[in-house]
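So the chains spell out like this:
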Amino acid sequence: MDETRRSSRRSSRRTFLSGVAGAGAYALLGEAAAQDKPAAAPVPAAPPGTVTNEAIKSGKDASMQYHSERPLTGSVPAHQHDFDVTPTDRMFVRNNLLTPDIDVAQHRLAVKGLVDKEVSFSLDELKKNFPAVTLQGMLECAGSGRTNYLPTASGTPWGQTGGMGCPKWTGVRVADVLKAAGMKSGAAHVAGQGGDPGMIATAAPVIRSVPIAKAMDENTLLAWDMNGAPLPKIHGYPLRLVVPGWVGSASTKWVHTLTVLDAPFKGTYMTSSYVTPKWSVEPGQKMPADTVSSEAWPVKSMITFPAPNARVKGSDRVTVRGRAWVGEDSINRVEISVDEGITWQRARLASRGDRYAWRTFTFDYQPQRLGYLTFLARAWDDRGNAQPMVSGWNPLGYFWNGVHRVGVMVEA
Amino acid sequence: MLGFFCQAGLAQDADKLTSGPGSTLTENKCKICHELQHIRRTPLSRGEWADNLKNMRERGTPMTDGELATILDYLSAYYSRDPAPPAAPDSLSSAGSDPIAKLLEAHACSGCHTLDKRVVGPSFREVAQRYAGEAGAAARLAAKVRSGGQGAWGQVPMPPAAGIPAADLATLIGWVLAQK
């Protein structure tokens, strides 16, 4: 039963891909291109079985800013993030490949590799066999905030604060599923693979692995609900990994296979993307040979209220509000500066909720003079790390966590 | 679905790269999976482009070594973050308030030319040497700069400078031809 289901999925994927490749757009590409004639090859359209940008956008808030159309990427600016729990329609949008339209009845999750027995589950079987967990957890694209880097680094031009969100997820623990399969000795990494197709048959599948310890963390989930409703297609319907606190690429969407490995997976999305230099390089230089895989986000915060350039009355107190988070460990404190970082005062920090959830901070301030007033927010984690004013440059523009700055106009 | 196709078609008709040797090849290869804005939005150093192309090949771009080399040359010439090579002591940039330097700057000539080193285009000294004493050289060169062109020094084209005032152009060409 499992076998037939799985092989039927595989063959439908194969037919699908050859259908795309045979669609004619590429057949002549090599030849025309080799001669470098000005006649441009026809532009490939989005293949069937994938979700259109219109459909995705219709599920998103009007405050969403789109950074590219093919693939669709988008996020809301910091002042549109003023929620304790990120609403689904404000969660950032980012894929490497296309967004698949998956029939949940056909979808299965297979667990393979260094396991005692290979197993596979339908969504209903997952729900029936394992305890469901709901938790709030941070997801943030590795390149979030990239446009702050100078010189500009290559990749999605996320705005100042970037592409991130902290919704509630419901699913089962990856640990429970891995235990059901039983891990062999030597198991070191778990790779997630999703059903997102590329535009051509040669497109490398997006496969990313995480160390066993992170996979076994009780907060690492195979989730089917986001904020109490089934995942929207763009966010991984019907099933996705949620590896909270870590770069978004670890949280494989449309996940259909978990493979237990004895070492980190060696594909391009592990070795050429989602890496930073082991030793920092001069800004504008290429990636050195020694690199480190991108995992947990460093400490970060943003001011979500007031909005940039808001008008406030000099006689009124301003309540600054924001969110602070860190990929592992916990937030120790958040400080605000009203003098460009010369002095800092503590903000009030809401008590800790779920381990990987962001935390709300507030700061009441009575303006001392008229004119433009700038608030800077700086978070500290409990290991003594703080946000820098400017993050260290790296070739792919990852992990921007520089201090966020919002100015308002104080009027009489 | 139809709406999407139309919209995608429209959006990508405008999706082009600067025309130059290798631009069609680059367009054809690089728009398969994503928009060409990925290239236009961030100029990179040659080393970063080399890394990017290695990465794009791993991600599934069908391209031969020869095609990769052509695309790398094209991207590093037309979408480069590298500053022009440092100016030699006697070159234009050291000329300060020199009116010629200002004209070259204002009409963007200095992005591609210096007095004595090849950058994208030939050095002005080698241009002067080549056409020394040639009748009608000034008029021909002025026309060439205005309309752009390639082939005299290699296969890299000079883009047209259509909007340049005739007086500025005459001053510049006169000055170029006077270099020794």
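Residues numbered from 1 in each chain as written. Chains lettered and ligands numbered in written order. Predicted model: local features only at pLDDT ≥ 70, side-chain atom pairs only at ≥ 80, totals over all residues. Heavy atoms only, no water.

1. Focus: the layout of surface pockets
All names here are of chain B.
Link 1 in the chain: Estimated volume of the largest pocket: approximately 1,200 Å³.
Link 2 in the chain: If you trace the largest pocket, you find 46 residues lining it, with Cys 112, His 113, Val 120, Gly 121 and Met 158 closest to the centre.
Link 3 in the chain: Secondary structure elements with two or more residues in the lining of the largest pocket: α5 (65–78), α7 (124–131), α8 (137–147) and α9 (166–177).
Link 4 in the chain: Per-element accounting of the lining of the largest pocket gives the leading share, four residues, to α9.
Link 5 in the chain: Looking at side-chain class alone, the lining of the largest pocket contains 30 nonpolar, 13 polar and three charged residues.
Link 6 in the chain: Shared between two domains, the lining of the largest pocket takes at least three residues from each, and those domains are domain 1 (8–78) and domain 2 (99–177). (1 Å grid on protein atoms, 1.4 Å probe; cavity = no way out; pocket = protein on both sides within 12 Å on 5 of 7 lines; lining within 4 Å. Points joined across faces, edges and corners; volume = space filled by probe spheres on them. Helix = DSSP H or I, 4+ residues; strand = E, 2+ residues; numbered from the N terminus. Nonpolar A, V, L, I, M, F, W, Y, C, P; charged D, E, K, R; others polar. Domains from an automatic or database assignment.)

2. Some thoughts on the environment of Gln129(B)
Link 1 in the chain: Tracing the backbone through its elements, the reader meets Gln129(B) in helix α7.
Link 2 in the chain: Spatially, the C-alpha atom of Gln129(B) lies 14 Å from that of Ala152(B), the residues being 23 residues apart in sequence.

3. Here we look at the environment of Gly137(A)
Residues and elements named next belong to chain A.
Link 1 in the chain: One can find Gly 137 in the loop between β5 (132–136) and β6 (139–140).
Link 2 in the chain: Judged by its relative accessible area of 0%, Gly 137 falls in the buried class.
Link 3 in the chain: Taking the C-alpha atoms as reference, Gly 137 lies 8.4 Å from Gly 165; in sequence the two are 28 residues apart.
Link 4 in the chain: Not counting chain neighbours up to four residues away, the residues in contact with Gly 137 comprise Gly 165, Cys 166, Pro 167, Trp 169, Pro 244 and Tyr 356. (Buried < 20%, exposed > 50% of the residue type's maximum accessible area, 1.4 Å probe, protein only. Contact = heavy atoms within 4.5 Å.)

4. Things to note about the packing of helix α6 (residues 99–106) of chain B against α9(B)
All names here are of chain B.
Link 1 in the chain: Where α6 contacts α9, the axes come no closer than 11 Å and their chain directions differ by 120°. It follows from the interaxial angle that α6 and α9 lie oblique. Once α6 is placed against α9, the crossing between them reads as left-handed. Counting all contacts with α6, which are made through Ile 100, Leu 103 and Leu 104, the residues of α9 involved are Asp 168, Thr 171, Leu 172 and Trp 175.
Link 2 in the chain: Per-class residue counts for the contact of α6 with α9 are five nonpolar, one polar and one charged. (Axes fitted to C-alpha atoms, helices over the stretch in contact; angles between N-to-C directions. Parallel < 35°, antiparallel > 145°, perpendicular 65-115°, else oblique. Left-handed = near helix turned anticlockwise from the far one by under 90°.)

5. A look at the confidence of the model for chain A
Link 1 in the chain: Here chain A averages 90 in pLDDT, while 89% of its residues score no lower than 70.
Link 2 in the chain: Low pLDDT (under 50) marks residues 1–44 of chain A, which in the prediction has 61 contacts with non-local residues, meaning those over four places away or in another chain. (pLDDT = per-residue confidence, 0-100.)

6. Considering the sheet that holds strand β9 (residues 189–194) of chain A
Residues and elements named next belong to chain A.
Link 1 in the chain: Read across the sheet, five strands follow the order β4-β3-β14-β9-β10 without closing on themselves; strand pairing throughout is mixed. If you trace the sheet from one side to the other, it starts and ends with β4 (119–122) and β10 (207–211), each paired once. In this sheet, adjacent strand axes meet at a mean angle of 20° when their direction is disregarded.
Link 2 in the chain: Helix-sheet contacts for helix α5 (residues 174–181) involve β3 (108–113), β4, β9 and β14 (255–261), and the interaxial angle to β3 is about 60°. (Pairing = 2+ DSSP bridges.)

7. So, the environment of Glu48(B)
Link 1 in the chain: Position of Glu48(B) relative to the elements: it lies in helix α4 (residues 46–58).
Link 2 in the chain: Taking relative accessible area as the criterion, Glu48(B) reaches 6% and is therefore assigned buried.
Link 3 in the chain: Filtering out sequence-adjacent residues up to four positions away, Glu48(B) remains in contact with Gly284(A), Gln285(A), Lys286(A), Trp393(A), Pro395(A) and Arg81(B).
Link 4 in the chain: A polar contact is formed between the side chain of Glu48(B) and the side chain of Arg81(B), at a distance of 2.9 Å. (Polar contact = N/O pair within 3.5 Å; in protein donor to acceptor, adjacent residues only side chain to side chain.)

8. Observations concerning the domain arrangement of chain A
All names here are of chain A.
Link 1 in the chain: The domain architecture assigned to chain A consists of domain 1 (75–293) and domain 2 (300–411).
Link 2 in the chain: Taking only C-alpha atoms, the centre of domain 1 and the centre of domain 2 are 28 Å apart.
Link 3 in the chain: Each side of the interface is counted separately: domain 1 has 47 residues, and domain 2 has 29 residues.
Link 4 in the chain: Buried area between domain 1 and domain 2, summed over both chains or domains, comes out near 3,200 Å², and the portion from carbon and sulfur atoms is 59%.
Link 5 in the chain: At the boundary of domain 1 and domain 2, one finds five salt bridges. (Buried area = accessible area lost by both parts, 1.4 Å probe. Salt bridge = Lys/Arg side-chain N within 4 Å of Asp/Glu carboxyl O.)

9. Overview of α6(B)
Residue and element names in this part refer to chain B.
Link 1 in the chain: Taken residue by residue, α6 has Ile 100, Ala 101, Leu 103 and Leu 104 as its buried positions. Seen along its axis, α6 keeps its buried residues to an arc of 160°; they face one direction. For α6, the exposed residues set more than 90 degrees away from the buried face come down to Pro 99, Lys 102, Glu 105 and Ala 106.
Link 2 in the chain: The positive-phi residue at the C-terminal boundary of α6 is Ala 108, with phi of around 65°. (Arc of directions from axis to C-beta.)

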